[in-house]
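Here is how the chains run, residue by residue.
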Amino acid sequence: MIRQIKLLIRMSVTVFTAIYAWQRPASYLTIKFIVPFLQMSFFVYLAKFTLGPDKLAYVAIGNAVQLVAFNTLMGVAMTMAGEKWNGTLQTLLTTPANRLMIFASRALVHVLDGIAGAVIGLLYAGLFFGVSFAQTDFLALAVVLFISSLTLTGLGLIVASLSLFTRTVEPIMNTAYLLIFLLAGINFPVEQLPVWLRPLSYLIPLTYGVEAARQAIAGASLALLSSSLLIMLGLFLAEGTLGYYIFTYFERLSKRLGTLEMT
Amino acid sequence: MNVVQVQELTRIYTTTQGFLKQKKRDILAVDGVSFEVNQGELFGMLGPNGAGKTTTIKILTTLLLPTAGRALVMGHDISRESQAVRRQINVIYGGERGLYRRLTGQQNLLYTADLYGVEPPIAQKRVAELLELVGLDKRADERVENYSRGMAQRLHIARGLINDPSVIFMDEPTIGLDPEAAHFIRQRIKWLTGQGKTVFLTTHDLWEADQLCDRIAILKKGKIIALDTPRELRRLVGDVQVVEVETFGMPEEKRAGLEAALKTSFVSVATYGPKQTIAIQTQNPNEVTAQVQQLLKGVKVLNIRVREQSLEDVYLRLVQEDKS
Amino acid sequence: MKHHLQVFRAAVRMTIWDYLAQPMWPFWLTITPFAFALVAVFLYRDAPPKTFALYVVLGSGAMGMWASALGGCSFSMMQERRWGTIVYTFTTPASQLWIAAGRSLVHAVIGLMTLAEIALISVLFLGIQLTIASPVAFLLAVLLTILAFAVIGLFLNSFFMLTRSASDWQNALSRFLYVFCGVMYPISVLPDWLRPFSYVLAPTWSLKAIRLSVEPGALGNSDYLMNIGLTLLLTMVYLLLAWYLQGVTEHKLRISAELERI
Ligand SMILES: Nc1ncnc2c1ncn2[C@@H]1O[C@H](COP(=O)(O)OP(=O)(O)OP(=O)(O)O)[C@@H](O)[C@H]1O
Ligand SMILES: [Mg+2]
C-alpha cells in the first residue's frame, strides 16, 4: 500500500514536471495566470454590457469555477497527447503497472491543478470584478471546488480515451471543453438553454459545482449543498467507469490491430 | 573562377542548458577553415561525425552566420550579400525532411519555384523535366506523405535544381538509401557536373567520394587535415600497400601484440562477430606478411592477401593518426 | 517587387492547398470563437436586433478571423519546423515576410466562416434581419478589418519563428484581442486603465467603422472616416514594425541556429 502510494506520487510528479511546468516556465505562467484573466474579462465585460452591472458576480464566479474544467479536463487529456507525442504512450500502456494507477497519477496532479486554477480565478473575481466574499462559507467552497475538480476527471478520462483513437487530441478535447463551457451554466443559467439540450447539462458534474460554488460564496453551508455534491460524486463514478471501459476497449482493439495511433 | 572561396571560417555554437541556473557552453564546430572550389568541380568533404561538415554547408548556404572568417559564393559575401548568394545556389540535406508532406510532389516543386522567383511558364516546364529526371513523373500527383524514403530524396534532388543553381550543396544525399537508390542519385550528381554545375558534397561513403569527387577535403574537429584529389590523397600517406588478414576468434592480447610489433605500419582492426579483419598499411608487404604469420601463430587465419590501398584506408589513417 | 508578389501569390496558393488537404482544419481553428459567440447569443437574447447584429454577428466574424489568423499562422510555422521545410525556405531568396503575408491573409479570410455560421443561426433561428445602409462603406471597413488581422498575424510571424512553443501563447493572444478590440461590446465598458490597449489595436477602429457603416451616408461621416484613417495608420505602423522585427529575427536565427530545433 505504502509502496503504491509512493509510486503514485512519483508518477504524478514526473507527469507534472515532464509536461510543462519546468520545461516552459513562461508558457506555464501564461496559461495559468494570463489566459484565465483575459477569458474572465471578456465574459464579464460582455455581461456588463448586455445584462448590466448586477449580473457581473454570476458571470465572474462561473468563469472562475470553470477553470477547474479548463485545467482538469485539458490536463488529463493533454497528458495523453503529450505522451503520445513523445511516443511514450506505447511503452506506458504495455507496462504491467496497474491501469488505474496510470489514471490516478494523472488525475491527482490535475485535480490539484484544477483547484489552483479556480482559486486564482476567484481571486481575480474578488480583486477586479467586484465579487464579495464577505458571506462566504470557505469550508463549503473548498469542498465544492475539490469535488468539482475531482468529478471532472471522469469526463476527462472519457475524452482522453476517445483521443487515443485520433491523430491529435486537441480537437476532441477542445470540443468537450467548449461543450461544458456552453452547457454547464457558466455564463447563463441552464434554464435558458433549449429544452432538448438541458439533459446534457445535467450529466456534467460541473453544472452542479458552479451553482454550489455560487451558493457557498453567498453563504450556503456544506449541509445545504450536500445533495449537489452527492449527485456529482454519483456522476463521477458512472463516467469514470465508462471512461475506463472505453479505454480498455480501445486498448484491446489497438493491440489486435497492432497499432495504437489510428490516423 | 573560384565559385566558393573560404577564408579562416570559424563557427562557434553557444548553447544554454537548464532554466534556473543557465549554463552556457561553446562548441567550436568549424575552426579556421580555408579552401576554394572551382567552377564545374565536384568537391567532396569527408570527416567523422561532428567534424563540422554540415555546419560548413549551413554557413555557405546562408542559413547560419560564421562567428569569424569570410566566405564568398559566386563572388558574393555570404554574410552581407545573402540574397545574391541565395539566388544562385541550392542545397539538399540528406533524409526525407524538408518537404511539405501534405502536398503532392508537383505542388512542392511549384511552390519552391515561386520562392526562387522562377518565371511561371519556365517553372511549369522545368518541373515536368525535373520530375522526369528523378523518375517521379508518374507519381507527381501523389502526396509526399505516401512517398518512400528514396522517392522523397529523389524529389529533393529535383527541388534542389528548381532554380537552375550554379552551385549545389549536398549534405549526405545518399544517406539511408538502398544501393539502387543511392546509385541513382550518384548518377544524377555526376550528370550535374557534366552540365557545368559546381557541386559541394559531403558523405560518409568513401567509395562514393572516391568515385565522384574531383577533390576531397578531410575535416576533423573543425579543421581541414587534408585536401587533394583522391589520387593524390592516396599518395599522401606514401607509396603503401595493404596487407589484409582475416582471422577467426583472435584474442585481445594478440591484437595489442600485433600493434606493438608493427609500430611503423598503420594497423586497423574491424570486427565482424567472431571474425576480424586486420588491415596493415605498409611499404614492405612481403616482410609484413611474414611477420604477421609469425605473430599470429595459434590464431585461426582464414585469409591473407595484399591489395592496393583504398580511400578508406587513407581516410582512416588520416583521421586516426594523431589521436590528440 | 515582382518577385515579392510572386512569393505572396505562391504562399496564398500553398495555404489553400494545405486547407484542401485537411478540410476539417478551418472548423477546428474557429471552434473556440464559435462557442464564445454562442455564449454571446444567449447573453444578447434581450438586446434589440440591431445591437445583436452589430455585436454578436459582426463580433463573431472578427473573433473567427483573429482565431484563424493566429492559430493558422502559428500552426503553419510549427509545421514548417516539424517538417524541416523552414530550413529550406529560409535560404531561398524569398522574403519570409511575404510568405507570411500570403498565409496570414488566407487564414484571416477563412475565419469569416464563423461569421457565416453565426449569421445563419441568427437569421434562421432568431429571425434577426441584417440590413446594411452603405454597402460600399461596409465592404471597405470589412476589407480593412481582414487586413488589420492579417497584418497582426504578419507582425507575430517573427515571434513564431523564434519560439518553439507558439501554440502555448495562442490562447493568451487570441483572448487578448477578444477583450480589447471591442469585438462583442463597445470598448467603453472597459475600465479606463485597460482602454489604452484597445487604442493601439487596429481592429478596434476598423470594427467601429463597420458598425458606423450600417448607418446611411457613412462614407460622408467624419467619424467613419476617422476610424478608417486610424485603422490604416496603425496597420502601417504594424507593417513597419513587422518588417523591422523580421530582419532582426532572421539575423538572430543565423547566429543562434535555433531554427532547426523542433
Ligand atoms: N544547432 C547546434 N547547436 C549546438 N551545437 C551544434 C549545432 N549543430 C551542430 N552542433 C555541433 O557542432 C559540431 C559539428 O556538427 P556538424 O553537424 O557540422 O558535424 P558533421 O560533420 O556534419 O557531422 P555528421 O557527420 O554527424 O553529420 C558538433 O559537435 C555538433 O554537436
Ligand atoms: Mg552532418
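Residue positions are counted from 1 within each chain, in the order its sequence is given. Working convention: letters from A go to chains and numbers from 1 go to ligands, in the order in which they are written. Given that the model is predicted, a residue must reach a pLDDT of at least 70 before its local features are reported, and side-chain atom pairs must reach 80 or more before they are shown or counted; all residues, however, enter totals for whole chains, interfaces and linings. The side-chain figures draw on all heavy atoms in the structure; neither hydrogens nor water molecules are used.

A. Up close: the overall build of chain A. Regarding its fold elements, chain A presents eleven helices and zero strands. Taking all 263 residues of chain A together, the buried fraction comes to 55%. Considering only residue pairs separated by 6 or more positions, chain A has 79% of its internal contacts joining residues 24 or more positions apart. Using a 1.4 Å probe, accessible areas were evaluated by the Shrake-Rupley method; residue-level cover was limited to the displayed protein chains. As displayed, chain A has an accessible area near 11,600 Å², and 71% of this comes from carbon and sulfur atoms. Secondary structure elements are taken from DSSP: a helix is a run of H or I of four residues or more, a strand is a run of E of two residues or more, and numbering for both begins at the N terminus. Any residue under 20% of the maximum accessible area for its type is buried, any over 50% is exposed, and the rest in between are partly exposed; the area is computed with a 1.4 Å probe on protein chains only. The criterion used for residue contact is that any of the two residues' heavy atoms lie within 4.5 Å.

B. Geometry of the overall build of chain C. The number of helices and strands found in chain C is twelve helices and zero strands. Here the radius of gyration uses the C-alpha set of atoms, whereas the globule reference equals 2.2 Å times the residue count to the power 0.38. Taken over C-alpha atoms, the radius of gyration comes to 19 Å for chain C, in line with the 18 Å a tight globule of 262 residues would show. Taken along the three principal axes of its C-alpha coordinates, chain C extends 55 × 40 × 35 Å. Considering chain C as a whole, with its 262 residues, one finds that 60% of them fall into the buried category. Contacts in chain C between residues at least 24 apart in sequence constitute 81% of all its contacts with a sequence separation of at least 6. Taken as a whole, chain C presents about 10,200 Å² of accessible surface, with 73% of it coming from carbon and sulfur. For this count, His and the chain ends are skipped, Lys and Arg are scored as positive, and Asp and Glu as negative. Charge coordinates come from a single atom per side chain, which is NZ of Lys, CZ of Arg, CG of Asp or CD of Glu. If the 16 positive side-chain charges of chain C are averaged to one point and the 11 negative ones to another, these points end up 5 Å apart.

C. The arrangement of the confidence of the model for chain A in detail. Summary statistics for chain A give a mean pLDDT of 82 and a share of 77% for residues scoring 70 or more. For every residue, the predictor assigns a confidence score, pLDDT, that lies between 0 and 100. Predicted confidence in chain A is weakest over helix α5 (residues 88-94) of chain A, with a mean pLDDT of 56, and strongest over helix α10 (residues 205-217) of chain A, with 95.

D. The side chain of E80 of chain C, seen in detail. One can find E80 of chain C in helix α4 (residues 49-83). Contacts of E80 of chain C, omitting those with residues within four sequence positions, involve Y100 of chain B together with T85, I86, T89 and R103 of chain C.

E. Inspection of the nonpolar core at higher detail. Definition used in this section: a nonpolar core is a set of buried Ala, Val, Leu, Ile, Met, Phe, Trp, Tyr and Cys residues joined via side-chain atoms within 4.5 Å. Of all hydrophobic cores here, the largest spans 178 residues; its most connected members are F42 and L206 of chain A, F35 of chain B together with Y185 of chain C. At 16 residues, the largest contribution of residues to this core is made by α4 of chain C. Excluding residues that lie within four positions of it along the chain, F42 of chain A makes contacts with F36, M63, Y178, V179, V183, M184 and Y185 of chain C. If you look at the next biggest cluster of nonpolar residues, it comprises 61 residues, including V127, A182 and L192 of chain B together with W83 of chain C.

F. Layout of the site of ligand 1. Residues and elements named next belong to chain B. Lining the immediate environment of ligand 1, one finds 16 residues, of which G50, K53, T54, T55 and H204 sit closest. Nitrogen and oxygen atoms within 3.5 Å of one another constitute a polar contact, given that in protein one can donate a hydrogen and the other can accept it, and given that sequence-neighbouring residues count only through two side-chain atoms. Interatomic distance of 2.9 Å between a side-chain N/O atom of N49 and an oxygen atom of ligand 1. Contact distances for ligand 1 include 3.3 Å between an oxygen atom and a side-chain N or O atom of E172. In the complex, 73% of the free accessible area of ligand 1, which totals 630 Å², lies under the protein chains. Residues are labelled near a given molecule or strand when at least one of their non-hydrogen atoms is within 4 Å of it.

G. Main features of the interface of chain B and chain C. Taken residue by residue, the interface counts 39 residues in chain B and 40 residues in chain C. The buried area of a pairing is the accessible area, by a 1.4 Å probe, that goes missing from both parts when the two are put together, added over both. Here chain B and chain C share an interface that buries about 3,500 Å² over both sides, 56% of which is from carbon and sulfur atoms. The three residues of chain B that bury the most area against chain C are L63, R102 and L115 of chain B, which together make up 21% of that side's buried surface. Whenever Lys or Arg places a side-chain nitrogen within 4 Å of a carboxyl oxygen from Asp or Glu, that contact is recorded as a salt bridge. Across the chain B-chain C interface, the total number found is five salt bridges. A salt bridge links K2 of chain C to E119 of chain B, with the shortest nitrogen-to-oxygen separation between them at 2.8 Å. Inspection of the region where chain B meets chain C yields 24 residue pairs in polar contact (both at pLDDT 80 or more). Elements that contribute at least two residues to the side of chain B that touches chain C include exactly β1 (2-17), α2 (82-88), β6 (89-93), α3 (105-115) and α5 (149-160) of chain B. Per-element accounting of the side of chain B that touches chain C gives the leading share, six residues, to α3 of chain B. Only Asp, Glu, Lys and Arg are considered charged, only Ala, Val, Leu, Ile, Met, Phe, Trp, Tyr, Cys and Pro nonpolar, and every remaining residue, Gly among them, polar. Residues belonging to the side of chain B that touches chain C are distributed by class as follows: 18 nonpolar, ten polar and eleven charged.

H. Molecular detail of the pairing of strand β10 (residues 223-228) of chain B. Both strand β9 (residues 215-220) of chain B and β10 of chain B contribute to a ladder of five bridges, which runs antiparallel. Paired with L219 of chain B across the bridge in β10 of chain B is I224 of chain B. A pair of strands counts as paired when DSSP detects no fewer than two bridges linking them.

I. Structural context of the sheet that holds strand β3 (residues 42-46) of chain B. All names here are of chain B. In space, the six strands of this open sheet follow the order β6-β7-β8-β3-β9-β10, with mixed pairing throughout. Each end of this open sheet is capped by a strand with a single partner; those strands are β6 and β10. The sheet shows a mean angle of 15° between the axes of neighbouring strands, direction not considered. For helices, the fitted line uses only the C-alpha atoms of the stretch in contact; every axis is such a line through C-alpha atoms, and the angle between N-to-C directions lies from 0 to 180 degrees. Seen against the sheet, helix α6 (residues 179-194) touches β3, β7 (167-171) and β8 (198-202) and runs at an angle of roughly 150° to β8.

J. Structural context of the pattern of salt bridges. Counted under the stated rule, the structure contains 21 salt bridges over all chains. Here R215 of chain B ties to E41 of chain B by a salt bridge, and the two come within 2.5 Å at their closest N and O atoms. Pair noted here: R215 of chain B is in strand β9 and E41 of chain B is in the loop between β2 (23-38) and β3, with a separation of 174 residues, a long-range link. Neither residue differs from the other here; R215 of chain B and E41 of chain B are each classed as buried. With a closest N to O distance of 2.7 Å, R195 of chain C and D192 of chain C form a salt bridge. For D192 of chain C, a relative accessible area of 61% gives the class exposed.

K. Fine view of the sheet that holds strand β12 (residues 266-272) of chain B. Residue and element names in this part refer to chain B. An order of β12-β13-β11-β14 is seen for the four strands of this open sheet, with the pairing classed as antiparallel. If you trace the sheet from one side to the other, it starts and ends with β12 and β14 (300-308), each paired once. Each strand axis lies, on average, 15° off the axis of its neighbour in the sheet, ignoring direction. Judged from the eight bridges that link them, strand β11 (residues 241-248) and β14 form a sheet pairing that is antiparallel. Bridging across to β14, Q241 finds its partner in E308.

L. Expanded view of the side chain of N90 of chain B. Residue and element names in this part refer to chain B. Structurally, the position occupied by N90 is in strand β6. Of note is the side chain of N90, whose polar atom sits 3.4 Å from the backbone oxygen of R159. In contact with N90, not counting residues within four places along its chain, are Y116, R159, G160, L161, I162, N163, P165, V167, I168 and F169.

M. Quick look at empty space enclosed by the protein. Only protein atoms enter the calculation, which uses a 1 Å grid: trapped sets of points that fit a 1.4 Å probe without letting it out are cavities, open sets showing protein on both sides within 12 Å along at least five of seven lines are pockets, and any residue with an atom within 4 Å of a point is a lining residue. Grid points are joined across faces, edges and corners, and a volume is the space filled by probe spheres set on the points. All chains considered together, the criterion is met by four cavities of 30 Å³ or more. Space inside the largest cavity adds up to approximately 90 Å³. Surrounding the largest cavity, Y100 of chain B together with M14, T15, D18, S76, Q79, E80, W83, T85 and R103 of chain C form its lining. Secondary structure elements with two or more residues in the lining of the largest cavity: α1 (2-21) and α4 of chain C. For the lining of the largest cavity, the element with the highest residue contribution is α4 of chain C, accounting for four residues. Along its surface, the second largest cavity is lined by G98, Y100, N108, T112, L115 and R159 of chain B together with T85, Y88, T89 and T92 of chain C. Put simply, the parts of the chain that give the lining of the second largest cavity at least two residues each are α3 of chain B together with α5 (85-90) of chain C. Its residues assigned to classes, the lining of the second largest cavity comprises three nonpolar, six polar and one charged.

N. Local environment of unusual backbone geometry. Of note, K221 of chain B is a non-glycine position whose phi angle comes to about 50°, a positive value. If you trace the backbone, K221 of chain B turns up in the loop between β9 and β10. Notably, A257 of chain C is not glycine yet its phi reads approximately 60°, a positive angle.

O. Just the packing of helix α2 (residues 25-51) of chain A against helix α3 (residues 56-65) of chain A, in detail. Residue and element names in this part refer to chain A. Two elements in contact, α2 and α3, have axes separated by 9 Å at closest approach and are oriented at 160°. When the interaxial angle is binned, α2 and α3 end up roughly antiparallel. The chirality of how α2 crosses α3 is right-handed. Mapping the contact onto sequence places M40, F43, V44, A47 and K48 in α2 and L56, V59, A60, N63 and A64 in α3. Any angle between 65 and 115 degrees counts as roughly perpendicular, while under 35 counts as roughly parallel, over 145 as roughly antiparallel, and the rest as oblique. Take the far helix as your reference; a near helix turned counterclockwise from it by less than a right angle gives a left-handed crossing, and one turned clockwise gives a right-handed crossing.

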